[in-house]
Amino acid sequence: MIPTTILYPKFSHPEGRLILTNITKFFKASVLTVSLSVAASFPSYAAELNFDQWLKELRIEAADKGISASIIKAALTDIKPYPKAIKSDRAQPEFKRTFVNYSTKRLSDWRINTGIKKRKQHQQLLNKVAKEYGVQPRFILSFWGLETNYGSYTGNNDIIRSLATLAFDKRRAAYFRKELFNALTILDEGHIKLEDMKGSWSGAMGQGQFMPSSFLRFAQDFDGDGKKDIWHNQGDVFASIANYLRHFGWNDQQTWGRQVTLPDNAKTWLDDVKALKPEKGCRALRVHTDKLTLAQWNDLGIRRLNTGELPNVDLQATLILPDGINGPAFLTYDNYRTILRYNCANSYAITIGLLADKLKS
Ligand SMILES: [Ca+2]
C-alpha cells in the first residue's frame, strides 16, 4: 500500500502549504463564483478551448525566454489540463490528524528497517556526500525515506502538464507559471528527458521532491556526468538534498532536537515561556516557545525521555508540544529550523528528526 505521505507529495516542498491554502481557498471561492458543473468537471470544454489559446501564448513567451524550439514543441504542444492536479488537494490528512497519528504512521517498521538497509547499501556514497556537504547521512536518509520511500515512489504525473494546469488556473497562476518556465529550463539544459520528467501533481520532482525552482538553485551533479539527475542517480539525489540543507544553515555538529518529558508543574510556567515575539520564518515556528538554553530548560524540570538530565552543552532550544500539554514534548535546536525550510510543518519536521534518530549507525 502506498502511504498517504506519498499520495500527497506536494507537502514535501517548502511552498506546499501555501499552495494548498490557496487552492483550498480557490475551491471555497469557486463554489460561490463558478457554476457547480464547471467546478465539478474541470476542465470543461470551454476551459479546454481557453487552455489551448493560453498554451499558444505560453509557447510564444517560452521562445522569448530563450527556451529552445524543440523543447517548446515537444513539451508545450498537445497537452491537456490535469484534473487530478486540482482535485488532489481535497483530502489532506495532515490537517485532520494529530502529530502522533501522523508520525506513528510514517515511522513504520518498514520505513525504519528499509532505511537501515539503505544506509548499509549506500554507506560509502552517503559518507562521501556527508563529508562534502556537512550533513549527517542519517538526515539525508530520513528526507529521502519520508519524501519518496527511499526513491521507490517519486510520483507519476507529467511535471509539465501538472504545472501547466496549475499555471492556467487563476489562483496561483504567477507562481506556477514561473515554475513551469523553470521546468522547461531544466529540460532545455538536458538533465532529464521530457518523458521521464515525472513527479507530484504540484510539480515536486525526483527522489527528494524538489520544485523546479529548488532544482535550479540546489540540485547537484555529484557523479560529474553533466546531468543533475535527481530521479535516478543516487549521488545526485543525496548531494541535492544535502546541498539544500547546507544552504539553509545545517550544522553537522548538532542534531535536530530531542523528545523530552515535562515536569508535573509545567502548566504553571508554560505561559511564561510562550514566544512573545515568534521567530521570523515559517509559521510552524509560531507555536514554539521562546529560545532558552538547555541549562534553563533543565532548571525548569525538563528531562530526557529516560528521566535523565538534559545534556550539559551550550545549546538553545525551543519547546514544542504538537498535540498540546498532554501529548509528547520536544526541544528543538537550530537544525530543526532548516528542516522546516524543506516543509513548514512541525509534524513533518519532528518526524524527520525521529526517523533520523532511528537511522543512526
Ligand atoms: Ca549526475
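These figures come from a predicted structure and were not determined experimentally.

**Description of the overall build of the protein**
Working step 1: Scanning the protein for helices and strands turns up 19 helices and seven strands.
Working step 2: When the 361 residues of the protein are sorted by exposure, 41% land in the buried category.

**Points about the sheet that holds strand 4 (residues 292–293)**
Working step 1: The sheet built from five strands is open, its strands ordered 4-6-7-3-5 with antiparallel pairing. Whereas interior strands pair on both sides, the edge strands pair on one side only; in this sheet they are strand 4 and strand 5 (303–304).

**Side note on the nonpolar core**
As a rule of thumb, nonpolar side chains are buried together in soluble globular proteins.
Working step 1: Among the nonpolar cores identified, the biggest contains 82 residues, and Ile-140, Leu-163, Phe-238, Ile-241 and Ala-242 are the most heavily contacted of them.
Working step 2: Of the residues that make up this core, three or more belong to each of domain 1 (4–91 + 155–205) and domain 2 (257–332).
Working step 3: Once residues within four sequence positions are removed from consideration, Leu-163 is found in contact with Phe-176, Glu-179, Leu-180, Ala-183 and Gly-203.

**With respect to unusual backbone geometry**
Excluding glycine, residues mostly have negative phi values, and the peptide bonds linking residues are mostly trans.
Working step 1: With a phi angle near 55°, Asp-78 is a residue other than glycine that sits in the positive phi range.
Working step 2: Here Asp-78 falls in the exposed class, since 8 other C-beta atoms lie within 10 Å of it.
Working step 3: Within the chain, Asn-149 stands out as a residue other than glycine whose phi angle is a positive 50°.
Working step 4: When you line up the elements, Asn-149 lands in the loop between helix 11 (137–148) and strand 1 (157–158).
Working step 5: Judged by the 19 C-beta atoms lying within 10 Å of it, Asn-149 is partly exposed.

**So, the pairing of strand 7 (residues 329–332)**
Working step 1: With burial as the criterion, each face of strand 7 is covered, one bearing Ala-329 and Leu-331 and the other bearing Phe-330 and Thr-332.
Working step 2: Taken together, the four bridges between strand 3 (residues 257–261) and strand 7 define a ladder with antiparallel strand orientation. Residue pairing across strands places Gln-259 opposite Phe-330, the latter belonging to strand 7.
Working step 3: Examined bridge by bridge, strand 6 (residues 316–320) and strand 7 share three bridges and lie antiparallel to one another. Residue Leu-319 lies in a different strand from strand 7, and its bridge partner there is Leu-331.

**Quick word on the packing of helix 9 (residues 109–121) against helix 11**
Working step 1: In the contact formed by helix 9 and helix 11, the axes pass within 10 Å of each other and the chain directions differ by 130°. Of the possible angle classes, the one that applies to helix 9 and helix 11 is oblique. For helix 9 against helix 11, the interelement crossing comes out right-handed. Packed against helix 9, whose contacting residues are Arg-111, Gly-115, Lys-118 and Arg-119, the element helix 11 presents Pro-137, Leu-141 and Gly-145 at the interface.

**Side note on the packing of helix 18 (residues 334–342) against helix 19 (residues 346–358)**
Working step 1: Viewed as axis vectors pointing N to C, helix 18 and helix 19 meet at an angle of 120°, and their least axial separation amounts to 9 Å. Here helix 19 runs oblique to helix 18, going by the angle between their axes. For the pair helix 18 and helix 19, the crossing hand works out as right-handed. For the pair formed by helix 18 and helix 19, the contact residues are Tyr-336, Ile-339 and Leu-340 on the first element and Ala-349, Ile-352 and Gly-353 on the second.

**Quick word on the pairing of strand 6**
Working step 1: The buried fraction of strand 6 amounts to four of the five residues, a majority that puts the element mostly inside the structure.
Working step 2: Bridging between strand 4 and strand 6 involves two bridges; their strand directions are antiparallel. Counted as the bridge partner of Thr-293 is Gln-316 from strand 6.

**A few points about the confidence of the model for the protein**
Working step 1: On average, residues of the protein score 86 in pLDDT, and 83% of them reach the 70 mark or higher.
Working step 2: The model gives residues 1–43 a pLDDT under 50, and that stretch makes 70 contacts with residues more than four places away or in other chains.

**Here we look at helix 13 (residues 173–188)**
Given 3.6 residues to a turn, an α-helix orients residues that are three or four positions apart in the same direction.
Working step 1: Here helix 13 spans 22 Å end to end across 16 residues, near enough to the 22 Å set by a 1.5 Å rise per residue.
Working step 2: Residues of helix 13 that are buried include every one of Phe-176, Glu-179, Leu-180, Ala-183, Leu-184, Ile-186 and Leu-187, and no others. Down the axis, helix 13 shows its buried residues gathered within 155° of arc, on one side only.
Working step 3: One or two positions beyond helix 13, positive phi appears at Gly-190, with a value near 80°.

**Overview of helix 18**
Working step 1: When you tally the buried positions in helix 18, you get seven out of nine residues, the bulk of the element.
Working step 2: Turning to helix 18, its buried residues are Asn-335, Tyr-336, Arg-337, Thr-338, Ile-339, Leu-340 and Tyr-342.
Working step 3: On its buried face, helix 18 sits against helix 11, helix 15 (234–247), strand 3, strand 7 and helix 19.

**Quick look at the environment of Leu-76**
Working step 1: Of note, Leu-76 is situated in the loop between helix 5 (69–75) and helix 6 (83–87).
Working step 2: For the pair Leu-76 and Ile-160, spaced 84 residues apart in sequence, the C-alpha separation works out to 7.9 Å.
Working step 3: If near-sequence neighbours (up to four positions away) are discounted, Leu-76 is found in contact with Leu-55, Leu-58, Arg-59 and Ala-62.

Parameters and conventions
- Residues numbered from 1 in each chain as written.
- Predicted model: local features only at pLDDT ≥ 70, side-chain atom pairs only at ≥ 80, totals over all residues.
- Helix = DSSP H or I, 4+ residues; strand = E, 2+ residues; numbered from the N terminus.
- Buried ≥ 20, exposed ≤ 12 C-beta atoms within 10 Å, placed from the backbone.
- Pairing = 2+ DSSP bridges.
- Core = buried A, V, L, I, M, F, W, Y, C linked by C-beta atoms within 7 Å.
- Domains from an automatic or database assignment.
- Contact = placed C-beta atoms within 7 Å.
- Axes fitted to C-alpha atoms, helices over the stretch in contact; angles between N-to-C directions.
- Parallel < 35°, antiparallel > 145°, perpendicular 65-115°, else oblique.
- Left-handed = near helix turned anticlockwise from the far one by under 90°.
- pLDDT = per-residue confidence, 0-100.
- Expected span 1.5 Å × (residues − 1).
- Arc of directions from axis to C-beta.

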